[in-house]
Amino acid sequence: MSLSLEDITLTYPDGEGRLTALDGVDLDVPAGTLTAIVGPSGSGKSSLLAVAATLATPDAGRVLVGGTETGALSAAERTELRRRRMGIVFQQPNLLASLTALEQVELMARIDGRGRRRSGEARARARELLATVGLDGLAHRRPHQLSGGQRQRVGIARALMNAPAVLLVDEPTSALDHERGAAVLDLLGRLTREWRTATVLVTHDRARLAVADRVVELVDGRVGAPAESSFP
Ligand code: ADP
Ligand code: MG
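What you see is a predicted model; the values in this text were computed from it and never measured.

### As for the site of ligand 1
- In the vicinity of ligand 1, the residues found are Y12, L19, A21, P40, S41, G42, S43, G44, K45, S46 and S47.
- G44 is positioned with one of its backbone polar atoms (N or O) 3.1 Å from an oxygen atom of ligand 1.
- S46 is positioned such that a nitrogen or oxygen atom in its backbone is 2.9 Å from an oxygen atom of ligand 1.
- When residues of the shell around ligand 1 are traced back to their parent elements, those giving at least two are β2 (17-29) and α1 (45-52).

Right under this line is the structure:
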């Protein structure tokens, strides 16, 4: 399932006027590919992810998920689309302090609109995903017993729990040292291919853009020239 943004404009209220965070942005992310978004702080990267996630409604333009125009959906239908089709990894994973890694991931199946999934099944799947992100053996740890990188990986496993078609990840390596950051980006590249997700990754880690099929640079809410260094 592909993700397409067409001519997106997004503004925020700003005193008397409006601040333009995204200005005519086009983005096409086919299934099984990873697009990296780079650009300076304040250039609109997180706004772009919020629009792609249907969490922010653009002033103009269209967001298509698997060819479905999300602007035509009701709020309830968009929520359902997010739950069933999207994995969203925010900059801070916001894990629940009282739950183990396994429980955080498993919980996603319970709040999935489909419900009624047998709990043994959900648990087995959550275990499998923790192993996929390299956390087997740490499934019973709570957030305070995990490193920043390990918490990020719990967030990624959680985002994968409902087998998303679209994976949206905001600066997953900002809290990590270089080596761990590289491991997280490699993991996202591998998962994109294995799971055939349309992945958008916001990153400032320009040294690691080889993981991306495409690199898009945002400058003042506009798509600039592609970052040349990323192409072999
Ligand atoms: P980035 O993620 O690239 O740092 P953002 O998308 O967060 O950029 O922000 C783009 C611009 O929109 C910035 O000028 C920021 O101050 C502004 N902005 C972001 N979120 C809001 C908001 N909720 N209300 C008003 N302005 C916002
Ligand atoms: Mg941001």
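### A few points about the nonpolar core
- Of all hydrophobic cores here, the largest spans 36 residues; its most connected members are V105, L130, V154, I156, M161, L188 and L201.
- With 26 residues, the next largest nonpolar core counts L10, M86, A198 and V200 among its residues.

### Examining the side chain of D170
- Structurally, the position occupied by D170 is in strand β7 (residues 166-170).
- Buried within the structure, D170 lacks any salt-bridge partner; its nearest side chain of opposite charge belongs to K45, at an N-O separation of 6.9 Å.
- Within the structure, the side chain of D170 is placed 2.7 Å from the side chain of S46, a separation counted as a polar contact.
- D170 has contacts with S46, L49, V89, F90, Q91 and V202, leaving out every residue within four places of it along the chain.

### Some words on the confidence of the model for the protein
- When pLDDT is averaged across the protein, the result is 89; 92% of the residues are at 70 or more.
- Mean pLDDT values over the elements of the protein span from 85, in helix α6 (residues 178-195), up to 98, in strand β4 (residues 60-65).

### As for the side chain of N162
- One can find N162 in the loop between α5 (148-160) and β7.
- Within the structure, N162 has its side chain in polar contact with the backbone oxygen of M108 (distance 3.3 Å).

### Quick word on the sheet that holds strand β5 (residues 68-69)
- Across the sheet, four strands lie side by side as β2-β1-β4-β5; this open sheet has antiparallel pairing. Each end of this open sheet is capped by a strand with a single partner; those strands are β2 and β5.
- In this fold α1 packs onto β1 (3-14), β2 and β4, with an angle of close to 120° to the strand it touches most, β1.

### Here we look at α6
- The end-to-end C-alpha distance of α6, which contains 18 residues, comes to 25 Å, matching closely the 26 Å that a straight helix rising 1.5 Å per residue would cover.
- Along α6, the residues that are buried comprise G181, A182, V184, L185, L187, L188, G189, L191 and T192.
- Residues of α6 that are buried sit in contact with β3 (33-38), α4 (119-132), α5, β7 and β8 (198-202).
- Two residues or fewer after α6 comes R196, characterised by a positive phi angle close to 60°.

### Some words on the environment of V65
- One can find V65 in strand β4.
- Look at V65 and you get buried, because its relative accessible area is 2%.
- For the pair V65 and A52, spaced 13 residues apart in the sequence, the C-alpha separation amounts to 8.7 Å.
- What V65 contacts, discounting residues up to four positions off in sequence, is M1, S2, L3, T70, L81, M86 and V166.

Rules and cut-offs
- Residues numbered from 1 in each chain as written.
- Chains lettered and ligands numbered in written order.
- Predicted model: local features only at pLDDT ≥ 70, side-chain atom pairs only at ≥ 80, totals over all residues.
- Heavy atoms only, no water.
- Near = heavy atom within 4 Å.
- Polar contact = N/O pair within 3.5 Å; in protein donor to acceptor, adjacent residues only side chain to side chain.
- Helix = DSSP H or I, 4+ residues; strand = E, 2+ residues; numbered from the N terminus.
- Core = buried A, V, L, I, M, F, W, Y, C linked by side-chain atoms within 4.5 Å.
- Buried < 20%, exposed > 50% of the residue type's maximum accessible area, 1.4 Å probe, protein only.
- Lys, Arg positive; Asp, Glu negative; His and termini not counted.
- Salt bridge = Lys/Arg side-chain N within 4 Å of Asp/Glu carboxyl O.
- Contact = heavy atoms within 4.5 Å.
- pLDDT = per-residue confidence, 0-100.
- Pairing = 2+ DSSP bridges.
- Axes fitted to C-alpha atoms, helices over the stretch in contact; angles between N-to-C directions.
- Expected span 1.5 Å × (residues − 1).

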